[in-house]
Amino acid sequence: MMTSLRAELFKFSHQKSAVAGILTLILLMAYSVLTTKTDTTQVIFEFGAVQWIPIIMIAIGSTFFAMEYQNRTILILLYKNTSRWQIYLAKLAVVWLYSVVLTLIATLLTIVFKSFLFRTPWSALIINHQTQLDLLMGNVMGTLIYALFIVTLSFMLIMLLKLNAAVIGVGLALGFLGAGISVALMKSFTSLIPILRWNPLNMIFVTQQLANPPYTAVSHLSSLEIIGGNLIYAAIFIFLGYALFKNRRI
Amino acid sequence: MLVVQNVNTYIGRKQIITDASFKIHPGNIIGLIGPNGAGKTTLMKTILGLTKFDGQIQLDQVPVTENQHAALAQVGALIEHPAIYPFLTGQQNLALYARDSAACQRLISELNMTTYIHDPAKGYSLGMKQKLGIAIALLNNPQLVILDEPMNGLDVEATIGVRQLIRQYAAQGTAFLISSHILSELQKVMTQVILINHGQVIVDQPIAEFERLRHQAYQLRTEDSQLTVESLTKNRIHYVLDGDTFRINSENIFEIQDILTAQHVHLKELAPISSNFEQIVVQLLNQQRGDHHDD
């Protein structure tokens, strides 16, 4: 497994998309700083990074797997390894680690931007007797959990759709419309809320709810439930994605 | 070393390989030939455990299955197109698999890749990519190397270089299974030939035995063609008549001479017809197609 991880890390770090993802995040955060008034909300949502990271991740994740088929390197990868699980999990681990790197960069940039633009101390109480730092950390945790959901989803989608552009399209739709559709569904069919609250589009609220518990009223899931929901969906996506990968013709 | 026994390969529900059996010994250079769609690439992928199959494949008595690839650690392969990461340099592509960096450097210089090996592979020409693909297949002193159309895109010098390298590795015990449409090129290196058609192995012979087929037919002219036709027909001897020249099989030449002598028909010409390698392959394929139709 370590050999596979090292090889995947080597490939990932040499791809332009790895650097492009970081630059895109920095540019989008800078755009947010320049166009929106800096306040507590901006800080705790890391100048929009909480929303951008999942979108970047779905594109990076699917591209990283799709390129093996595109370059025909999947042939060597498969025959040199006995365990297809090992290949799948090593790729998954590397891409999720990348989301950790993106989240760290976003947090560091948030600290830098805040120190220049917004003087309210980190220890200041904001919502529900929580400090700005508590809220930020809640969002960081939520972003990392949702990144796992998104990475496993992007791997499953690239195995299912086999077309990178289609997966990126689904990712963008999920990032921009997912939460709105989920809320609209639950508002339209109130009697079905006990079921609808578990829909995959609702899982995106983990990025906001951990820092801001009142979001429970929107997602209709407790913090523990939404974390569990994200992890269960990630496990389902891993198993389905792997089954598709195992049976994919080369 | 490699034993393929009663292998049937399916893609979806379609059977691509039917009951394939053959052996490859250390140092053998096997030419795998057959028309387009005969199943050459599928057979190679099957040996690499990349397809569903039944039957047995063993490498040094260790089974290879779709889920057991341990025996393939000492196998190198280039299937269809070179498997190269374009965003890595040639050197980095090799480093992903190389276990001995000194041997890797030797291989780079043997294939004359030193001038561009540190450039990103996305800028490589078709021939440069092909050489890198061959280098990846030859890394780590493999026991068996599977090459699908290895001479694709190679210039004359590179073709000669690769041919020499194949012979050099084979002399050290590496076995090769090579498919190519350029039969003349295969002919220069192979020690054994496997001819495949419609997923079935129809010839599996050492090249020396296969070469004997070159003189399998004779041409015959006699002073009385009409009487010759009657005599051959009466004795149920197969022939093809073109003008006044008969094409006969080599195993019948003595019998025919005896029959014609008894009929007092004198021979004007009896000589072997030399077929080249391509003609033999085409004849064998036609023969198999005929057998299929007879069935």
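Relevant structure appears above.
So, here is what we can say about the structure in this document.

The rules we used
- Sequence positions are assigned chain by chain, starting from 1 and proceeding in written order.
- By the order in which they are written, chains take letters starting at A while ligands take numbers starting at 1.
- Given that the model is predicted, a residue must reach a pLDDT of at least 70 before its local features are reported, and side-chain atom pairs must reach 80 or more before they are shown or counted; all residues, however, enter totals for whole chains, interfaces and linings.
- Numbered from the N terminus, helices here are DSSP runs of H or I no shorter than four residues, and strands are runs of E no shorter than two.
- The globule rule used for comparison is 2.2 Å times the number of residues to the exponent 0.38, while the radius of gyration itself is calculated over C-alpha atoms.
- Whether a residue is buried, exposed or partly exposed follows from its count of other C-beta atoms within 10 Å of its own C-beta, namely 20 or more, 12 or fewer, or something in between, respectively; the C-beta atoms are built from the backbone.
- By definition, residue pairs are in contact when their C-beta atoms, positioned from the backbone, come within 7 Å.
- By convention in this section, buried Ala, Val, Leu, Ile, Met, Phe, Trp, Tyr and Cys residues joined through C-beta atoms within 7 Å make up a nonpolar core.
- Angles run from 0 to 180 degrees between N-to-C directions of axes, and those axes are lines fitted to C-alpha atoms, restricted for helices to the stretch in contact.
- Angular relationships are summarised with four words: roughly parallel below 35 degrees, roughly antiparallel beyond 145, roughly perpendicular across 65 to 115, and oblique for the angles in between.
- Crossing handedness is defined as follows: a turn of the near helix away from the far one that is anticlockwise and smaller than a right angle gives a left-handed crossing, while the clockwise case is right-handed.
- Classification used: nonpolar for Ala, Val, Leu, Ile, Met, Phe, Trp, Tyr, Cys and Pro, charged for Asp, Glu, Lys and Arg, polar for all others including Gly.
- A pair of strands is labelled paired if DSSP reports no fewer than 2 bridges between them.

Looking only at helices and strands, chain B features ten helices and 14 strands. For a compact globule of 295 residues, the expected C-alpha radius of gyration is about 19 Å, and chain B comes in at 24 Å, more than 25% above that figure. Its C-alpha atoms give chain B principal-axis dimensions of about 75 × 40 × 30 Å. For chain B, the proportion of its 295 residues judged to be buried stands at 36%. Here the contacts in chain B between residues at least 6 apart in sequence split such that 71% fall between residues at least 24 apart.

Now for the overall build of chain A. Counting secondary structure elements, chain A contains twelve helices and zero strands. Written out in order from the N terminus, the α and β elements of chain A read α-α-α-α-α-α-α-α-α-α-α-α. Whereas a compact globule of 250 residues would reach a radius of gyration of roughly 18 Å, chain A reaches 19 Å, a difference of no more than 12%. Each of the three principal axes of chain A carries a C-alpha extent, and together these read 55 × 45 × 30 Å. The buried share of chain A, taken over its 250 residues, is 41%. Counting only contacts in chain A whose residues sit at least 6 apart along the sequence, the fraction spanning at least 24 positions is 74%.

All right, on to the nonpolar core then. By size, the foremost hydrophobic cluster in this structure holds 129 residues, and its most contacted members are Ile53 of chain A together with Ile30, Ala135, Ile146, Phe176 and Ile178 of chain B. Of all hydrophobic cores here, the second largest spans six residues; its members include Leu220, Phe246, Ile248 and Val265 of chain B.

Contacts between the two partners involve 18 residues from chain A and, on the opposite side, 21 residues from chain B. Contributions of two or more residues to the side of chain A that touches chain B are made by helix H1 (2-14) and helix H5 (74-80) of chain A. With five residues, the top contributor of residues to the side of chain A that touches chain B is H5 of chain A.

Moving on to the packing of helix H2 (residues 16-35) of chain A against helix H4 (residues 49-70) of chain A. All names here are of chain A. Direction vectors running N to C along H2 and H4 enclose 160 degrees, while the axes themselves pass 10 Å from each other. Comparing the axis directions of H2 and H4 gives the class roughly antiparallel. Judged by the sense of rotation from one axis to the other, the crossing of H2 with H4 is right-handed. Residues Ser17, Gly21, Thr24, Leu25, Leu28 and Met29 of H2 touch H4, and the partners they reach there are Ala49, Trp52, Ile53, Ile56, Ile60 and Thr63.

A few words on the packing of helix H6 (residues 84-117) of chain A against helix H12 (residues 223-247) of chain A. Residues and elements named next belong to chain A. Two numbers describe how H6 lies on H12: the axes approach to 10 Å, and their chain directions differ by 130 degrees. Here H6 is positioned oblique relative to H12, judged by the angle of their axes. Once H6 is placed against H12, the crossing between them reads as right-handed. For the pair formed by H6 and H12, the contact residues are Arg84, Trp85 and Tyr88 on the first element and Tyr242, Phe245 and Lys246 on the second. Residues belonging to the contact of H6 with H12 are distributed by class as follows: four nonpolar, no polar and two charged.

Time to look at the sheet that holds strand S6 (residues 75-78) of chain B. Residue and element names in this part refer to chain B. Strand order in the open sheet formed by six strands is S6-S7-S8-S3-S9-S10, with mixed pairing between adjacent strands. Taken across any chain shown, the strands that pair with only one partner, and hence form the sheet edges, are S6 and strand S10 (200-206). With strand direction ignored, the average angle separating the axes of adjacent strands in the sheet is 15 degrees. The sheet contact formed by strand S9 (residues 192-197) and S10 spans six bridges and is antiparallel. Each residue of the ladder has a partner; that of Gln192, found in S10, is Pro206. Helix H1 (residues 40-47) contacts strand S3 (29-33), strand S7 (144-148), strand S8 (175-179) and S9 of the sheet and is inclined by roughly 150 degrees relative to S7.

With that out of the way, let us pick up the environment of Ile53 of chain A. All names here are of chain A. By the element assignment, Ile53 lies in helix H4. Sequence separation between Ile53 and Ile22 is 31 residues, and the spatial gap between their C-alpha atoms is 9.5 Å. With residues up to four places along the chain from it excluded, the contact list for Ile53 reads Leu25, Ser99, Leu102, Thr103, Ala106, Thr143 and Ala147.

Attention shifts here to the environment of Pro200 of chain A. Locating Pro200 of chain A in the fold gives a position in the loop between helix H9 (193-196) and helix H10 (206-209). Pro200 of chain A sits in the partly exposed class, given 16 other C-beta atoms within 10 Å.

This brings us to the sheet that holds strand S11 (residues 217-222) of chain B. Hydrogen bonds between backbone atoms are what pair the strands of a sheet, whose relative direction is either parallel or antiparallel. Residue and element names in this part refer to chain B. Strand order in the open sheet formed by four strands is S12-S13-S11-S14, and the pairing between neighbours is antiparallel. Each end of this open sheet is capped by a strand with a single partner; those strands are strand S12 (239-242) and strand S14 (267-273). The sheet shows a mean angle of 25 degrees between the axes of neighbouring strands, taken without regard to direction. In terms of strand pairing, S11 meets strand S13 (residues 245-249) through four bridges, oriented antiparallel. Looking at the pairing, Tyr218 lines up with Ile248 of S13.

Moving on to unusual backbone geometry. In this structure, His220 of chain A is a non-glycine residue whose phi angle is positive, near 60 degrees. Considering the arrangement of structural elements, one finds His220 of chain A in the loop between helix H11 (216-219) and H12. The class of His220 of chain A is partly exposed, set by 18 C-beta atoms lying within 10 Å. Phi angles above zero are rare outside glycine, and His264 of chain B is one such case at about 60 degrees.

This paragraph deals with the pairing of strand S1 (residues 2-11) of chain B. Residue and element names in this part refer to chain B. Here S1 runs beside strand S2 (residues 14-24); their pairing, made up of seven bridges, is antiparallel. Counterpart to Ile11 in the pairing with S2 is Lys14. If you look at the hairpin formed by S1 and S2, you'll find two residues sitting between the two strands, and Gly12 has a positive phi there, around 65 degrees.

Quick look at the environment of Val183 of chain A now. Relative to the helices and strands, Val183 of chain A is located in helix H8 (residues 164-188). Considering only alpha carbons, one finds Val183 of chain A and Ala234 of chain A, 51 residues apart in sequence, at a separation of 21 Å.

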